[in-house]
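Observations on the three-dimensional arrangement
The residues making up each chain are set out below.
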Amino acid sequence: MSRQLTIAIDGPSGAGKSTVARSLAARLGYIYIDTGAMYRAVALKARERAIAPGDEDRLARLASEISISFVSKGEEIRVFCEGEDVTEAIRLPEISRLASEISKERGVREALVQKQREMGSKGRVVLEGRDIGTVVFPNADVKFYLDADIEERGRRRFNELVQKGVQVDFEETLQEVKQRDREDMARVHSPLRKAEDAVVIDSTSLSVEEVVEEMARIVEERMKGFDLGVTN
Ligand code: DC
């Protein structure tokens, strides 16, 4: 039987990580863990409980105490926090901003990394985020770093918001994506960076299907290597 792999997908926002990670997991019959949703859930609860973004102690306690889970409903994956379905609420722009803020706090990161390790401990998982291959699972069996041109990522984000009926300006959206990049890469604790042994895929001119196809090919190759006892 094939080995139960742990697959890490990291990269900046707008590179298409969530869509491809979900699709790759479905194709392999693996569990999909969206770690960004976990930072967003903490941000949502922090706002509800009026915890200030700089209050590290309370934020860390909140991150370690709240329950976060993912529930598959057909094609969809719903996010639950403290028993409440927060799938839509965590996508609001103000929660995106707050999630970025609170993800800088070391205590919050430690609490969520622990939860992510527990969730992924049995293998057969695709985890998606910023620090999966570098911090959460540095020994992941396959690591991908999914990137795309900044203009293309801005365009995707813009289209996504327009589709949701949100009135936005392209230039403004592009500046926000650039700002998010700077924050994710410059933060002190677990900044976004490519793991040395990650396979880089540039999705700028690739469709979702093409990216998933390429990833599945690499995963299968790696599985064959394990079955033959080759551990690169
Ligand atoms: O991927 P996303 O946009 O849903 O992530 C929300 C925020 O959480 C984003 O500002 C980056 C941060 N994040 C992180 O610091 N580490 C992760 N593993 C995942 C997300």
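You'll find the structure just up there.
A short tour of the structure in this document, coming up. (Residues numbered from 1 in each chain as written. Predicted model: local features only at pLDDT ≥ 70, side-chain atom pairs only at ≥ 80, totals over all residues. Heavy atoms only, no water.)

Here we look at the site of the ligand
Condition: By convention in this text, a residue qualifies as near a molecule or strand provided that one of its non-hydrogen atoms is within 4 Å of it. Identification of polar contacts relies on pairs of N or O atoms within 3.5 Å, with a donor-acceptor requirement for protein atoms, meaning one able to donate a hydrogen and the other able to accept it, and with residues adjacent in sequence counted only if both atoms are side-chain atoms. Per-residue and other accessible areas follow the Shrake-Rupley method at a 1.4 Å probe size, with only the shown protein chains counted as cover for residues. Charged means Asp, Glu, Lys or Arg here, nonpolar means Ala, Val, Leu, Ile, Met, Phe, Trp, Tyr, Cys or Pro, and polar covers whatever is left, Gly included.
In the vicinity of the ligand lie 14 residues, with Arg40, Arg109, Arg130, Asp131 and Arg187 positioned nearest. A distance of 2.9 Å separates an oxygen atom of the ligand from a polar side-chain atom of Arg187. Considered on its own, the ligand offers 450 Å² of accessible surface; in the complex 95% of this is hidden by protein. A class-by-class count of the residues in the shell around the ligand yields 1 nonpolar, 5 polar and 8 charged.

Concerning the sheet that holds strand E7 (residues 142-147)
What counts is decided by this rule: Strands are treated as partners if at least two bridges between them are detected by DSSP. In this text, helices come from DSSP runs of H or I with a minimum length of four residues, and strands from runs of E with a minimum of two, each type numbered from the N-terminal end. Every axis in this analysis is a line fitted to C-alpha atoms, fitted for helices over the stretch in contact. Angles between the N-to-C directions lie between 0 and 180 degrees. Throughout, a contact is declared for two residues whenever any of their heavy atoms are within 4.5 Å.
Pairing is parallel in the open sheet, where 5 strands are placed in the order E2-E6-E1-E7-E8. Edge positions in the sheet fall to strand E2 (31-34) and strand E8 (199-202), since each of these pairs with one other strand and no more. Sheet twist, expressed as the average angle between the axes of neighbouring strands with direction ignored, equals 20 degrees. On the sheet, helix H2 (residues 35-48) packs against E2 and strand E6 (125-129) and is oriented at approximately 45 degrees with respect to E2.

A closer look at the packing of aromatic side chains
Going by this rule: Working definition: a ring pair exists when centres of Phe, Tyr or Trp rings (six-membered ring for Trp) sit within 6.5 Å. Plane angles under 30 degrees give stacked, over 60 give edge-to-face, the rest tilted. Two conditions define a charge sitting above a ring: the NZ of Lys or the CZ of Arg must be within 6 Å of the ring centre, and it must be within 35 degrees of the ring normal.
A complete count under the given rule lists 1 aromatic pair for this structure. Here the aromatic rings of Phe158 and Phe170 are separated by 5.7 Å at their centres, their planes lie at 90 degrees, and the arrangement is edge-to-face. One end of the pair, Phe158, is in helix H7 (residues 150-163); the other, Phe170, is in helix H8 (residues 170-186), and 12 residues separate them in sequence. Across from the ring centre of Phe226, 4.0 Å away, lies the NZ or CZ of Arg3, which sits over that ring.

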